[in-house]
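Residues per chain, in single letters:
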Amino acid sequence: MSDSTAGSPATGYLVPTRQVRIADLRSKKAEGKKWAMLTAYDYSTARALTQGGVECLLVGDSAANVVFGYPQTQQISLEEMIMLTAAVVRGSGNALVIADLPFGTYEASDEQAVLSASEMLRRSGAAMVKIEGGVRIAPRIRALVNAGIPVCAHVGFTPQSVNALSGFKVQGRGGDASRLVADVHAVEDAGADMVVLEMVPADLAAQITADSTVPTVGIGAGPGTDAQVLVWHDMVALPADGRRPKFAKQWATVGEDLTAAAAAYRHEVEEGTFPAPEHCF
Ligand code: KIV
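Residues numbered from 1 in each chain as written. Predicted model: local features only at pLDDT ≥ 70, side-chain atom pairs only at ≥ 80, totals over all residues. Heavy atoms only, no water.

### Some remarks on the overall build of the chain
Part 1 of the reasoning: Tallying secondary structure elements over the chain gives ten helices and ten strands in all.
Part 2 of the reasoning: Its C-alpha atoms give the chain a radius of gyration of 20 Å, near enough to 19 Å, the size a compact globule of 281 residues would have.
Part 3 of the reasoning: Considered along the principal axes of its C-alpha atoms, the chain spans approximately 65 × 45 × 35 Å.
Part 4 of the reasoning: A buried classification covers 48% of the 281 residues belonging to the chain.
Part 5 of the reasoning: Of the contacts made within the chain by residues no fewer than 6 positions apart, 55% connect residues no fewer than 24 positions apart. (Helix = DSSP H or I, 4+ residues; strand = E, 2+ residues; numbered from the N terminus. Rg over C-alpha atoms; globule rule 2.2 N^0.38 Å. Buried < 20%, exposed > 50% of the residue type's maximum accessible area, 1.4 Å probe, protein only. Contact = heavy atoms within 4.5 Å.)

Dropping the structure here:
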């Protein structure tokens, strides 16, 4: 156990005993210690995930799909993201909370990016924003950092540009590797404090991680990044019949358990066996 973690009385898992800060994650990189990030979109899930010792929660715009059921991540609004992020912050304990700026809220100008990010941080209490893009978005990162807003960049496969990228494809293969490396350099030079690498060949992600000064967070980028992130639904198989990306592993079968619980509840209500005497006043 490190001096900044302790066993949670509720669960027994190691949890941070003080607020996790960006500097702590940089220190972990320097010490070669890996750490875990998961998405979260509501108060109760944020509590459960951080009680498991997860140091960093991402309110991803994947909420568009898994919370709102929109077919595209582009459809979620800043307002919807702020409401979800504020709920996650309230349940996040000592974890660092990062919020995605959704599609269409930062690309047009530096001013738009600063206004959207300030609104997000002011109303939700998140510590950092994440925006997608490399070289093309570096000026926005610089503007945000100059405004005092910490930024996590997201390069490789960037879901907000799924149409421009012609679908869900691994990025940085073959001749495209140098473009990805240039993207990482650009966001680092612009002042990003963290970089998400999505669907990138494992050896390239490991090389980028070794060369970069800021923590890298992989999703479909192999084991060589400083940290890993997954959409929490993917790591617990929710819903039971959902499509899972190749890079996600399932540690629980929450979708199946929830469906079985709903069926058992319905059955007992229909039979009249629930509520039982112990559930009555
Ligand atoms: O929106 C999201 O959940 C993300 C992660 C997949 C990195 O951007």
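On we go from here.
### So, the site of the ligand
Part 1 of the reasoning: Neighbouring residues of the ligand: T39, L58, G60, D61, S62, D100, K130, H154, I219 and V231.
Part 2 of the reasoning: Measuring from an oxygen atom of the ligand, one finds a side-chain N or O atom of S62 at 2.5 Å.
Part 3 of the reasoning: In this structure, K130 approaches the ligand through a side-chain N or O atom, which is 2.9 Å from an oxygen atom.
Part 4 of the reasoning: Taken by itself the ligand offers 260 Å² of open surface, and the protein chains cover 96% of this.
Part 5 of the reasoning: The cavity that encloses the ligand is the largest pocket. (Near = heavy atom within 4 Å. Polar contact = N/O pair within 3.5 Å; in protein donor to acceptor, adjacent residues only side chain to side chain. Areas by Shrake-Rupley, 256 points an atom, 1.4 Å probe, with all protein chains shown as cover. 1 Å grid on protein atoms, 1.4 Å probe; cavity = no way out; pocket = protein on both sides within 12 Å on 5 of 7 lines; lining within 4 Å. Sits in = over half its atoms within 2 Å of the grid points.)

### Details of unusual backbone geometry
Part 1 of the reasoning: Cis peptide bonds are those with omega within 30 degrees of zero, and the linkage from L238 to P239 qualifies with -5°.
Part 2 of the reasoning: Note that P239 resides in the loop between α9 (232-236) and α10 (254-271).
Part 3 of the reasoning: You will see that M199, though not glycine, has its phi angle at about 50°, which is positive.
Part 4 of the reasoning: As for its position among the elements, M199 is in the loop between β8 (194-198) and α8 (202-211).
Part 5 of the reasoning: In this structure, A237 takes a positive phi of about 55° despite not being glycine.
Part 6 of the reasoning: The class for A237 is buried, based on a relative accessible area of 12%.

### Comments concerning the packing of aromatic side chains
Part 1 of the reasoning: Counting across every chain of the model gives three aromatic pairs.
Part 2 of the reasoning: Measuring from ring centre to ring centre gives 5.6 Å for F68 and Y70, while their planes differ by 15°; the resulting arrangement is stacked.
Part 3 of the reasoning: Note on Y265 and F274: the rings are 6.0 Å apart at their centroids and 65° apart in plane angle, and the pair reads as edge-to-face.
Part 4 of the reasoning: With relative accessibility at 33%, the residue F274 sits in the partly exposed group. (Phe/Tyr/Trp six-rings, centres within 6.5 Å; stacked < 30°, edge-to-face > 60°.)

### Some details on the sheet that holds strand β4 (residues 56-59)
Part 1 of the reasoning: Pairing is parallel in the closed barrel, where eight strands are placed in the order β3-β4-β5-β6-β7-β8-β9-β10. Shown here is a sheet whose adjacent strand axes are inclined to one another by a mean of 25°, direction ignored.
Part 2 of the reasoning: Bridge count for β8 against strand β9 (residues 216-219) is four bridges, and the pairing is parallel. Each bridged residue has a counterpart across the sheet, and for V196 the counterpart in β9 is V217. (Pairing = 2+ DSSP bridges. Axes fitted to C-alpha atoms, helices over the stretch in contact; angles between N-to-C directions.)

### Here we look at helix α1 (residues 22-31)
Part 1 of the reasoning: Burial in α1 covers these residues: I22, L25 and K29. Each buried residue of α1 lies within a common arc of 65° when the element is viewed along its axis, so the set occupies one face. When the buried face of α1 is taken as reference, the exposed residues oriented beyond 90 degrees from it are A30 and E31.
Part 2 of the reasoning: At its buried positions, α1 is contacted by β3 (35-39), β5 (96-100), β6 (128-132), β8 and α8.
Part 3 of the reasoning: Looking one or two residues beyond α1, the residue adopting positive phi is G32, at roughly 70°. (Arc of directions from axis to C-beta.)

### A closer look at the layout of surface pockets
Part 1 of the reasoning: Counted as a void, the largest pocket has a volume near 940 Å³.
Part 2 of the reasoning: Along its surface, the largest pocket is lined by 34 residues, and N65, F168, V231, D234 and P245 are the ones closest to its centre.
Part 3 of the reasoning: Within the residue set of the lining of the largest pocket, elements represented by two or more residues are α3 (63-66), β6, β8, β10 (227-230) and α9.
Part 4 of the reasoning: When the residues that make up the lining of the largest pocket are grouped by side-chain class, the tally is 17 nonpolar, nine polar and eight charged.
Part 5 of the reasoning: Empty space within the second largest pocket amounts to approximately 400 Å³.
Part 6 of the reasoning: Surrounding the second largest pocket, 18 residues form its lining, G156, L165, Q171, R179 and D183 being those nearest its centre.
Part 7 of the reasoning: Broken down by secondary-structure element, the contributors of at least two residues to the lining of the second largest pocket are β7 (151-156) and α7 (177-189). (Points joined across faces, edges and corners; volume = space filled by probe spheres on them. Nonpolar A, V, L, I, M, F, W, Y, C, P; charged D, E, K, R; others polar.)

### A closer look at the side chain of D100
Part 1 of the reasoning: With respect to the helices and strands, D100 occurs in strand β5.
Part 2 of the reasoning: Its relative accessible area of 2% is what places D100 among the buried residues.
Part 3 of the reasoning: Looking at D100, its side chain comes within polar contact range of the side chain of K130, at 2.7 Å.
Part 4 of the reasoning: When sequence neighbours within four positions are dropped, the list of residues in contact with D100 reads V59, G60, D61, M81, M120 and K130.

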